[in-house]
There are 2 protein chains.
Amino acid sequence: MHSEKFKNLIKFISRFVEFTELEMRTMLDCIEIIQLKKNEKFVNEGEIANRIAFTNKGYLRVYYIFDGEEITRDITPLNTFATALPSFISQIPSYEIISAISDCELFVIHKKNLDNMYLNFPKWERFGRRIIEEMFVESQRRVYSFITESAETRYKKLLIQHPEMIRDVPLKYIADYLGIKLQSLSRLRKSVE
Amino acid sequence: MHSEKFKNLIKFISRFVEFTELEMRTMLDCIEIIQLKKNEKFVNEGEIANRIAFTNKGYLRVYYIFDGEEITRDITPLNTFATALPSFISQIPSYEIISAISDCELFVIHKKNLDNMYLNFPKWERFGRRIIEEMFVESQRRVYSFITESAETRYKKLLIQHPEMIRDVPLKYIADYLGIKLQSLSRLRKSVE
DNA sequence: GTAATTATTTAACAAATGTTAAATGATTAT
DNA sequence: ATAATCATTTAACATTTGTTAAATAATTAC
């Protein structure tokens, strides 16, 4: 059985909706496992995102090109779903690029399989809704942190909530994520210790 | 028939999923229309949000108390859905407060009716997912604007995208929404003209 | 193992935004 | 109509963050 391999994914899913063995297996059967080397891309600019990934190992980052520069908009923690959502939803070319910060193992589901699951098992549609709800709430939390908190506070909170991220992810990405420049982050780190 | 009254709502919904007359009427039948006077609340602090509102007239704002001060986190444009989502999803007391900036007419759906719709008509579940997806994308756009844009740029873009909002909503709420102080907004407005 | 590349820090100065306080304008209640 | 309240602006100064440039540290490729 593959439940051991997919342990983290199953655990994640079960937090939202309870599935029967059959329902779960239907999903696991259409998963493709891919390994990405550091800096390899999961979604390229201009490409239509037709897959969604669960990060079983490693970190992904979502970035886009702004004024010729890469700006990291998001860093996915372990064991979360990631895709270039605007592209995935509307099937338009993606301006977001997703690439591996470290070597990654991804559990990948193709959009057409997902759409089938949605059609055949309404519970999966519910799961889709619930997971997006959670992503939305998290995104709002971030908006809220930009509105009320200083860069220093945002950094300190990230340090508490995802210490492993700060250990493993280059600071330039962390700085982008926090909405400040690398040098400002460096200054701020000194004052925080 | 009530389709005239609910014209904007129907138009909004039809952008996401196509419903039959019956499916649409099932939903419209459980709508409660409420009028809020300026400053009246739709969700109170500590209350469990069990309703979702479509803003047919007027603006709502979502705010919370931080350090004894009201901080406006969001201003809902006309013809959108609003609720205190973390509370609505998880049925926990809301830290977010929702109140009317101007006199409002809201089309309100109770959570239990919504849950019934989800159960009886899978298409509504799809609608729920699609609308949250859209809200998520919008929320991400905002995160992105905090990361890459100056307050001045954020203001200018708001001016272009929602000129009516800047006309109708007190600037202190706009300032919060943009993540800056009222005085900074004022200064910035002078330099923008 | 050494050179090349990439990551991080440091520092001086510039620009943006916050803070405090007050003045002016607009709206609302009586 | 007038006073009271609320909204917006202004200004001086403080703090935070950005910018440019360089130094140091760590990692990677050969």
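Whatever comes next refers back to the structure up there.
### Brief notes about the overall build of chain A
Alright, step 1. A tally of helices and strands in chain A yields nine helices and eight strands.
Alright, step 2. Against the 2.2 N^0.38 benchmark of 16 Å for 193 residues, chain A shows a C-alpha radius of gyration of 18 Å, consistent with a compact globule.
Alright, step 3. Along the first, second and third principal axes, the C-alpha atoms of chain A reach 55 × 35 × 30 Å.
Alright, step 4. Residue burial in chain A is summarised as follows: out of 193 residues, 52% are buried.

### As for the pairing of strand E4 (residues 60-66) of chain A
Residue and element names in this part refer to chain A.
Alright, step 1. Of all seven residues in E4, five are buried, a share of seventy percent or more.
Alright, step 2. One ladder, built from seven bridges, connects E4 with strand E5 (residues 69-76); its direction is antiparallel. If you follow Tyr 64 over to E5, its bridge partner there is Ile 71.
Alright, step 3. With antiparallel pairing between neighbouring strands as the criterion, E4 and E5 make up a hairpin whose turn holds two residues, including Asp 67 at a positive phi of roughly 60°.
Alright, step 4. Pairing analysis gives four bridges linking E4 to strand E7 (residues 97-100), with the strands arranged antiparallel.

### Re the side chain of Ser 94 of chain B
Alright, step 1. Mapped onto the elements of the fold, Ser 94 of chain B is located in the loop between helix H3 (85-90) and strand E7 (97-100).
Alright, step 2. Residue classification places Ser 94 of chain B among the buried positions, given a relative accessible area of 4%.

### Some points on the sheet that holds strand E4 (residues 60-66) of chain B
Residue and element names in this part refer to chain B.
Alright, step 1. If you trace the four strands from one edge of the open sheet to the other, you get E2-E7-E4-E5, paired in antiparallel fashion. Strand pairing shows two members of the sheet lacking a second neighbour, strand E2 (41-43) and strand E5 (69-76), which therefore form its edges. Across the sheet, the mean angle separating the axes of adjacent strands is 35° when strand polarity is ignored.
Alright, step 2. The strands touched by helix H8 (residues 171-178) within the sheet are E4 and E5, with E5 carrying the most contacts at an inclination of about 85°.

### A short note on the interface of chain B and chain A
Alright, step 1. Across the contact, 33 residues belong to chain B and 33 residues belong to chain A.
Alright, step 2. Carbon and sulfur atoms supply 68% of the area that chain B and chain A bury against each other, a total of about 3300 Å² over both sides.
Alright, step 3. Area buried by chain B at its contact with chain A is led by Arg 129, Phe 136 and Ile 147 of chain B, which between them contribute 19% of it.
Alright, step 4. In this assembly, chain B and chain A are joined by four salt bridges.
Alright, step 5. With a shortest N-O distance of 2.9 Å, Glu 125 of chain B and Arg 126 of chain A are connected by a salt bridge.
Alright, step 6. Linking chain B with chain A are seven residue pairs in polar contact (both at pLDDT 80 or more), by the criterion used here.
Alright, step 7. Within the residue set of the side of chain B that touches chain A, elements represented by two or more residues are E4, E5, H3, helix H4 (111-120), helix H5 (122-148) and H8 of chain B.
Alright, step 8. Ranked by the residues each element gives to the side of chain B that touches chain A, the list is headed by H5 of chain B, at 18 residues.

### Let's talk about the protein's contact with DNA strand D
Alright, step 1. The environment of DNA strand D is made up of 16 residues, and the closest members are Gln 183 and Ser 184 of chain A together with Leu 171, Lys 172 and Lys 190 of chain B.
Alright, step 2. Counted by atom, the contact set of DNA strand D within 4 Å of the protein is 60% sugar and phosphate.
Alright, step 3. Ala 151 of chain A places a polar main-chain atom, nitrogen or oxygen, 3.0 Å from a phosphate oxygen of DNA strand D.
Alright, step 4. At a separation of 2.6 Å, a phosphate oxygen of DNA strand D approaches a polar side-chain atom of Lys 172 of chain B.
Alright, step 5. Contributing elements (two or more residues each) for the surface near DNA strand D: helix H9 (182-192) of chain A together with H8 and helix H9 (182-192) of chain B.
Alright, step 6. For the surface near DNA strand D, the element with the most residues is H9 of chain B, which contributes five residues.
Alright, step 7. Its residues placed into classes, the surface near DNA strand D shows five nonpolar, five polar and six charged.

Conventions adopted
Residues numbered from 1 in each chain as written. Chains lettered and ligands numbered in written order. Predicted model: local features only at pLDDT ≥ 70, side-chain atom pairs only at ≥ 80, totals over all residues. Heavy atoms only, no water. Helix = DSSP H or I, 4+ residues; strand = E, 2+ residues; numbered from the N terminus. Rg over C-alpha atoms; globule rule 2.2 N^0.38 Å. Buried < 20%, exposed > 50% of the residue type's maximum accessible area, 1.4 Å probe, protein only. Pairing = 2+ DSSP bridges. Axes fitted to C-alpha atoms, helices over the stretch in contact; angles between N-to-C directions. Contact = heavy atoms within 4.5 Å. Buried area = accessible area lost by both parts, 1.4 Å probe. Salt bridge = Lys/Arg side-chain N within 4 Å of Asp/Glu carboxyl O. Polar contact = N/O pair within 3.5 Å; in protein donor to acceptor, adjacent residues only side chain to side chain. Near = heavy atom within 4 Å. Nonpolar A, V, L, I, M, F, W, Y, C, P; charged D, E, K, R; others polar.

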